[in-house]
Amino acid sequence: MCALPETLPQTPPKGQGLWLRILSVFLLCTWLLPQEVSAEDPVFEAEARRVLKTWCWHCHGEDAEFQGGLDARFARQLLKGGDSGPAIVPHDPAASLLIQRITSGEMPPSEKKVPPQDLQVLQQWIAAGAQMRTTEPEQAAPGLLLSDEDRSHWAFQPIVRPPVPFAGQPGAEANPVDAFLLQRLQQHGLQFAAEADRETLLRRLWLDLTGLPPSTAAIDQFIADQSPEAWNTAMEQLLAHPAYGERWARHWLDVAGYADSDGYTEKDPERPWAWKYRDYVIRSLNADKPWNQFLVEQLAGDELLTPPFENLTPEQADALTATGFLRMAPDGTADGSVDQPTARNDVVAETLKTVSTALLGLSVGCAQCHDHRYDPISQVDYYRLRAIFEPAWNIGEWRAPGGRIVSMWSAQTRAAAAAVDQELAETAKKRTEELDGIVQETFERELQKLPTERQALARAARDAPKDKRTEEQQQLIREFPFLNVDRGSVYLYLPDRLTGFNKKWDDLTAEVRKKRPADDYVMCLTELPGRIPATHLYSRGDHQQPRQQVVPGGLSVLEQAEAVIPEDDPALPTSGRRLAWARSLTSGRHPLVARVLMNRFWMLHFGQGLVATAGEFGVKGELPSHPELLDWLAIEFMESGWSLKHMHRLILSSRAWRQSSVRRPEHDAVDPDNRLLGRMNLRRLEAETIRDCILAVSGQLNGKMGGPPAPVSPDDVGQYVIAIDTRDSAGRPTGKVEALNGEDLRRSIYVQVRRSMPLGVLEPFDLPRMTPNCERRAVSTTSSQALLMLNNPFVLQQAGKLAERLRSGSQEQREQIETAWRLVFGRRPTPEDVAGAVEFLAAGVTAAGGTADGAGDGKPAANAGAAVDPLQLWCHALLCSSGFLYAE
């Protein structure tokens, strides 16, 4: 109720007395009546509840006992107050105990304090009367309570296909993507930009789908094809290209947190079989495996099978391999020096972070220690979600990383390996028998050097057990050490013979060992049938403070969309928890999964998502710029059979994607951040793509697919390079170099991902650290990037290889310039470009210590002093240019 004014008008102007009396009576009656909450008035449910949840509920709402007797979850309870009296005084923030405690710094009792903007929210709410929009319950059990506002968050609503808008332009409705975007643009008086030229579009297409630049042959073919189907033809060729799976697998491996090492400790041990999961992802994407199947396999592929996992078909092996997704978190449990209970729980916690950000777009991990400060995710929800995975991780019966690999050998392969093992055992037995004979011969020969009367005593001393020898026998052995000759010391007596002996038997053993099938394991997550541990909520997230037991389940705010998770499915040998949850996520009814995936796919095509915060669809995330388009795409994705390639075709054929990236003043004035997509975004290439493109244009790229990764190790100056580690046991360089046989020239996806050793040529270009995963890569522009491109040995070497490639193709300078331009930039040079290149090369030859010889082949003159190759310098400049490092 509003306060009455101190005075009312006493002397109204002439002619207005009656009107003012009527107005005064009306206002008086209005002030005396209860006030309705206007749309502008701050209400508890809007912002005040969020602030209190963030800063107060931890002590005054979540625990079984309210601190100070105050329940801060409800406005009426704040009015009622706790042990110290009412917490708020409507219309008087200064008199409110809540505000006093906050401004004094007394509350909350932690290092983090309420920021000024949140304090202002509470003050404004109290000053406006501490009003509520809904009727609150008289009392409620401690914990998170879901409000209508919580449930009404846009990302929690069912996905419904909206009608495609009429854009008012011919052809716009041919692609719904354009229709949705154009509608918003027109509302702001904007239009699409002009279509990019054909060479720019082809390079953009190649980089988007394969992460490689177009070949000159591909450019010629596309430019020559003037048919209406030219674009679709080029697109289909690339969707069928093996490099497509490599390119798009790299995107998903970011989200999965892929690494070839355990991390967690400085030792960072390698994961020798992690690459099997990487290859599974590449195969799946190249085959356009439906994403509902793709996700189910990664969450519960083992539960689609029946243990023990033997004699698997390729499809079954893939399902098991897919669960490597759940093994990618940092894992220190193989290190006996770490606190094992803590390390084990960290593995589970980091896995849940990866799963929730990858599939739900929510920071569920923030609810591990307390109810989520912003999103309607309770601590109970967190542990219900953890219970889904608990039977596989099983903290109490933990299996270290080495105990979680499964052999892929068939019964036939196992039999062959057993036969070889038997042969190896027999070989070892024969070797031992022969060696024992040599030992005995040596003993007998040395024995003859003793006096005859002492030989019997010496033989008895040798034959006697060590703990049974008399003092006389021990003295005899000390006097004549040969009496102790054995397999380990006989080489001291017969070094030459033992050298030949050992060579004969390494050789023989090696020949037998070659017959043994190569080891073949997958790094996966499996359950042990019949072992289902209980899951408890940990107070404050501390595993040493277990509280009530919880059952498996999804997020409470999504209970209408998520299926009931069984505690132990009687139809399966395992609990069936992960399989039930995975099928619930991919049922088509879940409001988050398809939205999160489609937003990520969109981001990878346009440089930014319709939701800019790709891993955060909660309250703290940004709202979608085009919510109807996002929902339309999500429905289209699911109804197309969860086909990613279908969505590629849709997006890549749109006018929006084919726009020029050139800025226009009229567009920038309205939409400087290009959220309305009135032009294409200029995008810098990712770290791996830069390296792959350098290798491609230099002609050095090794196209080998799959298999173990190329190793990474520090060089003599500590830079992490692709090389076999030849350091000694103390970690010191030995100077040895082992041949890699072209493995160092493979695509970057096949280079080892060591958490402690990021590849030096990639790191400055925002290479993500998997701690535990990366939902969206940062894009920065720093001096370290330019310095790397100018000085890195790999870049310099490949610039030289590009120069060699140009010379091998033609000795005519202008042809070299044109070929280089097409390889590096995907287009022909303009006359100005050619003139600039000719001038650069001529200046470079002169700077090298000689004069141009007029041959026009780009080589230094015969009298050149320094060994500087102008063509290599020019190629290096091209590789350092923005035209190469960015996709227009």
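Along each chain, residues carry numbers from 1 onward, in the same order as the chain's sequence is written. The model is predicted, so local features are restricted to residues of pLDDT at least 70 and side-chain atom pairs to those at 80 or more, both for listing and for counting; the totals for chains, interfaces and linings are taken over all residues. Hydrogens and water molecules were not included; the side-chain quantities draw on all heavy atoms of the structure.

1. Regarding the pattern of salt bridges
Two side chains carrying opposite charge are able to pair once their charged atoms lie near each other. The salt bridge definition used is simple: a Lys or Arg side-chain nitrogen within 4 Å of an Asp or Glu carboxyl oxygen. According to the stated counting rule, one finds 60 salt bridges in the structure shown. Its salt-bridge partner being R663, residue D668 comes within 3.2 Å of it at the nearest N-O pair. Here R828 and E818 are joined by a salt bridge, their closest N and O atoms 2.1 Å apart. Of this pair, R828 sits in the loop between α29 (813-825) and α30 (831-847) while E818 sits in helix α29, and the two are 10 residues apart along the sequence. Numbering goes from the N terminus for both helices and strands, where a helix is a DSSP run of H or I of at least four residues and a strand is a run of E of at least two.

2. A few points about the confidence of the model for the protein chain
Each residue carries a pLDDT value, the predictor's own confidence for that position, ranging from 0 to 100. In this model, the protein chain carries an average pLDDT of 89, and 91% of its residues clear a pLDDT of 70 or more. Within the model, pLDDT remains below 50 along residues 1-39, and this stretch shows 18 contacts once partners closer than five positions in the same chain are excluded. Segment residues 849-865 is flagged for pLDDT under 50; beyond a separation of four residues in sequence, or across chains, it makes 34 contacts in the model. Contacts are residue-level and defined by heavy atoms, with any inter-residue pair within 4.5 Å sufficient.

3. What to know about the state of the cysteines
To count as a disulfide, a pair of cysteine sulfur atoms needs to be within 2.5 Å. For the structure shown, the criterion picks out zero disulfides. No disulfide involves C59; its sulfur sits 8.8 Å from that of C56, the nearest cysteine. By relative accessible area, C59 is classed as partly exposed at 22%. Between buried and exposed lies partly exposed: a residue is buried under 20% and exposed over 50% of the maximum accessible area for its type, with that area taken using a 1.4 Å probe on protein chains only.

4. Comments concerning the domain arrangement of the protein chain
Segmentation of the chain into domains, including their bounds, is taken from an automatic or database domain assignment. Splitting the protein chain by domain gives domain 1 (18-146), domain 2 (290-408 + 525-591), domain 3 (413-515) and domain 4 (791-887). Averaged C-alpha coordinates put domain 2 and domain 3 at centres separated by 54 Å.

5. A look at the packing of helix α11 (residues 242-256) against helix α22 (residues 593-606)
Throughout, an axis means a line fitted to C-alpha atoms (over the contacting stretch in the case of helices), and angles, computed between N-to-C directions, take values from 0 to 180 degrees. Taken N-terminus to C-terminus, the directions of α11 and α22 make an angle of 125°; their axes are 12 Å apart at the nearest point. Taken together, the axes of α11 and α22 lie oblique to each other. With respect to the hand of their crossing, α11 and α22 are arranged in right-handed fashion. In this structure, α11 uses W248, H251, W252 and V255 to contact α22, whose residues at the interface are L597, R600, F601, L604 and H605. Orientation labels follow simple angle bins: below 35 degrees gives roughly parallel, above 145 gives roughly antiparallel, 65 to 115 gives roughly perpendicular, and whatever is left gives oblique. Should the near helix be turned anticlockwise from the far one by less than a right angle, the crossing is termed left-handed; should it be turned clockwise, right-handed.

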